[in-house]
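So the chains spell out like this:
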Amino acid sequence: DEFRVRAITSFISLTPEDFTSGSTLSSKISIHATFLKFAEKELQSKGYEVQTLRIATNPFGEYLAPFCEKDNLQKQLKELDEVLAKYSIEFFALGPARNEIELDCCPVIVRQSHRLSCSAELRAGNDVLMAKKAAKCMRIISEMGEIEDAPPHLVNGLGNFRFCATACCKPYTPFFPAARSTLLIDSDADDSISFAIGLENGKLARRLLRESKSLENIATIFRSGMAEALNPLSSLCESICRSYEGEIKNSTEQVSNIHFAGIDTSLNPSLDENGSVADAIEEIDVVEKFGSRGSVATAAEITKSLKSLPGIRNVGYSGLMLPVCEDRRLAELANEDGIDTTRLLGISSVCGVGLDTIPIPGDSTVDQIMSLILDVSSLAYRYEKSLSCRLLLCPGLNVGDTTNLNSPYMCECKIFRL
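Note that the coordinates shown come from a computational prediction; the quantities given were computed from them, not determined experimentally.

Asker: Can you walk me through the pairing of strand β5 (residues 163-167) in this structure?
Answerer: On a regular strand, one side chain projects to one face of the sheet and the next to the other, so that they alternate. Counted residue by residue, β5 has five buried out of five residues, so it is predominantly covered. Where burial is concerned, the two faces of β5 agree: the one with F163, A165 and A167 and the one with C164 and T166 are both buried. Pairing geometry for strand β4 (residues 116-122) and β5, over five bridges, is parallel. Bridge pairing links C118 to F163 in β5. Following the chain from β4 across helix α5 (residues 128-144) to the adjacent parallel β5, one finds a crossover that is right-handed.

Next comes the structure, spelled out in structure tokens:
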């Protein structure tokens, strides 16, 4: 009840050859989809609620046709989407664009299907070229949602839910859209499976922080409580690897190795009552209101604990997730002008995850967006931490207006000033 498995994410390596024969692509996806459904069933049998099954790939430039071959690119994406539909995979991340040329593909990927996500990988804190091109992509994706008969997953600013700029994000991050597998050169055998777990745990965080009460108790009460909650899940995931290897031993499944990469221990909110991470942090005595004094110190202590849980292998961000449109208290604070991008960046400097689902005016300029992306990437490279920047450009809306996302997974809030 206190936490759910937000995502079981399996990591796959694709090659150009997988698209020369439809059966090869289908076979690879089938192997991962079958495993994910097995893992889901095992987790559910032990009482865990599993929300989504996901697959993430190596950087798409290693296997997709370039933008200059747009017809071929669209053909590949259509084929991929059909295979995903066949195996009931609704969440698929194609990894990051690693240069400005590959970034041209990102709007094409996002437009193709609600199943597909991707990202832009900045190579340094001052990577102005990639930041500017990523900003242009965000504008293009937003504008695609304004076209008559635009797909539902693009309208009202929702398109950029499936795209972000990343910095220092490593393989085996289970959360989208930053999720990615390793480069082909670093990948395991084609017939191996690696997977990781992402959580939704705002209620658990609130109880543990309420029990902690003070900053100095986070390292003991909060840390031990979180480890106690997650260790059975971690052990079960290790057990799933062994169970599945036994399950397929005498089958036709060609899988040589199952590897549990770990858990992204990040505090991640839900829209449920008591599911807000910002609310949970306000349980600590030095934080009168999230975003005010004491917030950075508390975020730092929580992150330190999350990254050092005994018995837990960390992957991904393993920090504080502060997605404004997915946390009711954050949205409330935004409506009261109690938080802004500067305050959220300050907290990100000690905890991750960056700027997430920040609604901004639809007419935000490329330079304005680029500057914010560079702020995030500079923090990431300066402190060697995984950060990302996901901005929701809301067409026709200005600072102070209220979003009209109309999504069951997000709440509405005021448009931020850049």
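On we go from here.
Asker: Help me understand the pairing of strand β1 (residues 4-12) in this model?
Answerer: Of all nine residues that make up β1, nine are buried, and the element is covered over most of its length. Bridge count between β1 and strand β6 (residues 192-200): seven bridges; the pairing is antiparallel. The residue of β6 that forms the bridge with I8 is I197. With seven bridges connecting them, β1 and strand β2 (residues 50-57) associate as parallel partners.

Asker: Honestly, the pattern of salt bridges in this entry has me stumped. Any pointers?
Answerer: Opposite charge on two side chains lets them pair, provided their charged atoms get close. Going through the model one piece at a time under the given rule, you end up with 28 salt bridges. Between R115 and D81 there is a salt bridge, with the nearest N and O atoms lying 2.9 Å from each other. You can see R115 sitting in the loop between α4 (106-112) and β4 and its partner D81 sitting in helix α2 (residues 70-86), a full 34 residues away along the chain. Each member of the pair, R115 together with D81, is buried. A salt bridge links E90 to R115; its shortest N-O distance comes to 3.2 Å. Of this pair, E90 sits in the loop between α2 and β3 (91-97) while R115 is found in the loop between α4 and β4, placing the two residues 25 residues apart along the sequence.

Asker: Would you mind going over the environment of S194 with me for this structure?
Answerer: Tracing the chain through its elements places S194 in strand β6. The class of S194 is buried, set by a relative accessible area of 4%. In sequence terms S194 and H32 are 162 residues apart; their C-alpha atoms lie 9.3 Å from each other. Here the side chain of S194 touches H259 through a polar contact of 3.4 Å, side chain to side chain.

Asker: Honestly, the sheet that holds β3 in this entry has me stumped. Any pointers?
Answerer: Working definition: the strands of a sheet are paired by backbone hydrogen bonds and lie parallel or antiparallel to each other. Reading across the sheet, the nine strands line up as β7-β6-β1-β2-β3-β4-β5-β9-β8 and stay open at both edges, with mixed pairing between neighbours. One side of each edge strand has no neighbouring strand; the edge strands of this open sheet are β7 (257-264) and β8 (354-361). Ignoring strand direction, the axes of neighbouring strands in this sheet form an average angle of 25 degrees. Taken together, the four bridges between β3 and β4 define a ladder with parallel strand orientation. In the sheet register, P96 faces β4, and the bridge partner there is S119. Taken strand by strand, α5 contacts β3, β4, β5 and β9 (387-394), and its axis lies near 165 degrees from that of β5.

The rules behind the values
- Note that residues are indexed from 1 along each chain, following the sequence as it is written.
- With pLDDT at 70 or above as the cut-off, local features in this predicted model cover only qualifying residues; side-chain atom pairs require 80 or more to be listed or tallied, and sums for whole chains, interfaces and linings still use all residues.
- Water and hydrogen atoms were dropped before computing side-chain values, which therefore reflect all heavy atoms in the structure.
- Relative accessibility decides the category of a residue: with a 1.4 Å probe and only protein chains considered, values under 20% of the type maximum give buried, values over 50% give exposed, and everything between is partly exposed.
- The helix and strand labels rest on DSSP assignments: H or I over at least four residues marks a helix, E over at least two residues marks a strand, and numbering proceeds from the N terminus.
- By definition, two strands form a pair when at least two bridges between them are found by DSSP.
- For the handedness criterion, the strands are oriented away from the viewer, and a crossover whose path from the first strand over the helix to the second runs clockwise is classed as right-handed.
- Salt-bridge detection follows one rule: a side-chain nitrogen of Lys or Arg within 4 Å of a carboxyl oxygen of Asp or Glu.
- Here a polar contact is recorded for every N or O atom pair within 3.5 Å, except that within protein the pair must consist of a potential hydrogen donor and a potential acceptor, and residues adjacent in sequence are included only if both atoms are side-chain atoms.
- Angular values range over 0 to 180 degrees, each being the angle between N-to-C directions of two axes fitted as lines to C-alpha atoms, with helices fitted over their stretch in contact.
- Contacts were defined at the residue level, with two residues in contact if any of their heavy atoms lie within 4.5 Å.

Honestly, it's all geometry; don't read function into it.
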